[in-house]
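Survey of secondary and tertiary structure
Next come the chains, spelled out residue by residue.
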Amino acid sequence: MQCHEVDYKIHGNDLQAVEIELDPGESIIAEAGAMSWMEDDIDFEAKLGDGSNANEGMLSSLFGSIGRVITGESLFMTHFTHKGDNLKRKVTFSSAIPGKIMDVDMASLGGELLCQKDSFLCAAKGTSLQIAFQKKLGAGFFGGEGFILQKVKGDGMVFLQAGGTQVTKQLKDGEKLRVDTGCITAFTPEVSYDIERAGGLKSMIFGGEGLFLATLTGPGMVILQSLPFSKLADRVFQSAPKNSTPSGDEQGQ
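Attention here is on the structure that accompanies the text. Bear in mind that the values here come from a model prediction, so they are computed numbers and not experimental data.

Right, let's get into the overall build of the chain. Counting secondary structure elements, the chain contains five helices and 19 strands. By residue count, 44% of the 253 residues in the chain fall in the buried class. Taking the intrachain contacts of the chain between residues at least 6 apart in sequence as the baseline, contacts between residues at least 24 apart amount to 78%. Accessible area of the chain: about 13,500 Å², with a carbon and sulfur share of 52%.

Turning our eyes to something else, we now look at the nonpolar core. Counting 18 residues, the largest nonpolar core has Val18, Ile20, Val91, Phe93 and Cys122 as its most contacted members. Listing elements by their share of this core, those giving two or more residues are β2 (17-22), β3 (27-31), β7 (89-94), β10 (120-124) and β13 (157-163). Residues contacting Ile20, with those up to four places away along its chain left out, are Val6, Asp7, Tyr8, Ile28, Arg89, Lys90, Val91, Phe93 and Phe159. Met106, Leu113, Val158 and Met221 belong to the second-largest nonpolar core, a separate cluster that totals 16 residues.

You can see His4 is positioned in the segment before β1 (7-11). Here Ser27 takes part through its backbone nitrogen, which lies 3.0 Å from a polar atom of the side chain of His4. Not counting residues up to four positions away in its chain, the partners in contact with His4 are Gly25, Glu26, Ser27, Ala124 and Lys125.

With that settled, consider the pairing of strand β6 (residues 77-82). Of all six residues that make up β6, six are buried, and the element is covered over most of its length. Going residue by residue along β6, you find Met77, His79 and Thr81 tucked away on one face and Thr78, Phe80 and His82 tucked away on the opposite face as well. As paired strands, β3 and β6 are joined by five bridges and run antiparallel to one another. If you follow Ser27 over to β6, its bridge partner there is Thr81.

Note: strands within a sheet are paired through backbone hydrogen bonds, in either parallel or antiparallel orientation. Spatially, β1-β2-β7-β4 is the arrangement adopted by the four strands of the open sheet, whose pairing is antiparallel. Because the sheet does not close on itself, it has two edges, and the strands there are β1 and β4 (35-38). Each adjacent strand pair in this sheet contributes to an overall mean axis angle of 20°, direction not counted.

On the surface, Glu5, Asp103, Asp105 and Asp155 cluster together to form a negatively charged patch. According to the relative accessible area criterion, Glu5 is exposed, its value standing at 65%.

Our next topic: the pattern of salt bridges. Applying the stated criterion to the full structure yields seven salt bridges. Close ionic contact of Lys88 with Asp7 constitutes a salt bridge, the shortest N to O distance being 3.7 Å. Of this pair, Lys88 sits in the loop between β6 and β7 while Asp7 sits in strand β1; the two residues are 81 residues apart in sequence, bridging distant segments of the chain. Residue Lys88 is classed as partly exposed on the basis of its relative accessible area, which comes to 41%. Overall, the relative accessible area of 41% leaves Asp7 in the partly exposed class. In this structure, the salt-bridge partner of Lys90 is Glu19, at a minimum N-O distance of 3.8 Å. Taken together, the residues Lys90 in strand β7 and Glu19 in strand β2 connect sequence positions 71 residues apart.

Conventions adopted
- Residues numbered from 1 in each chain as written.
- Predicted model: local features only at pLDDT ≥ 70, side-chain atom pairs only at ≥ 80, totals over all residues.
- Heavy atoms only, no water.
- Helix = DSSP H or I, 4+ residues; strand = E, 2+ residues; numbered from the N terminus.
- Buried < 20%, exposed > 50% of the residue type's maximum accessible area, 1.4 Å probe, protein only.
- Contact = heavy atoms within 4.5 Å.
- Areas by Shrake-Rupley, 256 points an atom, 1.4 Å probe, with all protein chains shown as cover.
- Core = buried A, V, L, I, M, F, W, Y, C linked by side-chain atoms within 4.5 Å.
- Polar contact = N/O pair within 3.5 Å; in protein donor to acceptor, adjacent residues only side chain to side chain.
- Pairing = 2+ DSSP bridges.
- Axes fitted to C-alpha atoms, helices over the stretch in contact; angles between N-to-C directions.
- Patch = residues over 30% accessible without salt bridge, like charges linked within 9 Å, V, L, I, M, F, W, Y side chains within 5 Å.
- Salt bridge = Lys/Arg side-chain N within 4 Å of Asp/Glu carboxyl O.
- Lys, Arg positive; Asp, Glu negative; His and termini not counted.
- Charge placed at Lys NZ, Arg CZ, Asp CG, Glu CD.

Structural data, given as structure tokens:
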């Protein structure tokens, strides 16, 4: 299925929002809860499938949705469709984490991208989202971000969310990049993904970089994020008071 062609504008420098402009009959798919505001004539519906295969049956949609649950996402995806006539209408989506939204033209990348489970925000209808298992068990069990990735396929626009700042790198053939596992947003399928120990035993225990690092070997494109939400959440948790005493009013309630 060919993806719908959508116009868009990304607002802000940080904590961004992406505004999608839909012609009559056009649709966008998004993660549950990603929508911030929308204009009149746009109808939305929670569905099991991503809508990429018009002939897909209920059972196939259910299996695909269960795969999404395995990756930690919602069972349903929300489909937003312009049901009016003539005038264009807009719907806006916001990232759930403090950082950036990246627009990705899938046609320019060969139509396929592997993403971390929480990086997908929304995409033109016709985009397929599937689960992708790591080929190497070691990379899956010790890679830090899980054994399963999301495989995004299509020829339209896809919008990814990432914490902090996004950096895109083009790796040459054989070029290797060692990365904190949480800092990977997405990469093209020709990139080889593996893990290696984070230095010697002392460095692994006391270095603060975790036990393992991800290794990405080119050729291919890699999208990185400077502040994974998991790292931000850990810092907030560490800084939070551990033994706070309730005030008198709270004790009296």
